[in-house]
Amino acid sequence: MTETQVIEIGRQAIQVALMVALPLLAVSLVTGLTISLFQVATSLQDVTLTFVPKIVMVGLALLLSANWILRLLVEFTRSILNGVPGMFQ
């Protein structure tokens, strides 16, 4: 296994990790900003107000994107496992 192969696998792993995390982080960010704007507009400064909507929205995003995330992870795993025999020659 050459250094180039190791770097390529690492790059692909980081890319897959970012693609898996992006939908959930984006939903959490948008939900947090929306709740913060609501708190500023109503002067309601309860710290725990952001947790429940974020948990619900991230759970919903996970439910909706689970199929895509699973396909992405399975495809990455297959590509790694299919390349194993050629790595040690």
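This text goes with the structure placed above it.
Reference entry: report on the structure contained in this document. (Residues numbered from 1 in each chain as written. Predicted model: local features only at pLDDT ≥ 70, side-chain atom pairs only at ≥ 80, totals over all residues. Heavy atoms only, no water.)

1. Some words on the overall build of the chain
- Looking only at helices and strands, the chain features 2 helices and 0 strands.
- Taking 12 Å as the expected radius of gyration for a compact globule of 89 residues, we find that the chain reaches 19 Å, considerably beyond that expectation.
- Across its three principal directions, the C-alpha atoms of the chain cover 65 × 25 × 15 Å.
- Here the chain, with 89 residues, has 15% of them falling under the buried criterion.
- If you take every contact in the chain between residues at least 6 apart in sequence, the share linking residues at least 24 apart comes to 66%.
- Put simply, the chain shows about 6800 Å² of open surface, and 74% of that area lies on carbon and sulfur atoms.
- The distance from the centre of the 4 positive side-chain charges to the centre of the 4 negative ones in the chain is 9 Å. (Helix = DSSP H or I, 4+ residues; strand = E, 2+ residues; numbered from the N terminus. Rg over C-alpha atoms; globule rule 2.2 N^0.38 Å. Buried < 20%, exposed > 50% of the residue type's maximum accessible area, 1.4 Å probe, protein only. Contact = heavy atoms within 4.5 Å. Areas by Shrake-Rupley, 256 points an atom, 1.4 Å probe, with all protein chains shown as cover. Lys, Arg positive; Asp, Glu negative; His and termini not counted. Charge placed at Lys NZ, Arg CZ, Asp CG, Glu CD.)

2. Here's the deal with helix α2 (residues 51-87)
- Counted at 1.5 Å a residue, the expected span for α2 with its 37 residues is 54 Å, but the 46 Å between its end C-alpha atoms falls short.
- Of all the bends in α2, the greatest, near 55 degrees, is centred on S65.
- Those residues of α2 that are buried lie in contact with α1 (3-42). (Expected span 1.5 Å × (residues − 1). Bend = angle between axes of the 7 residues up to and from the residue.)

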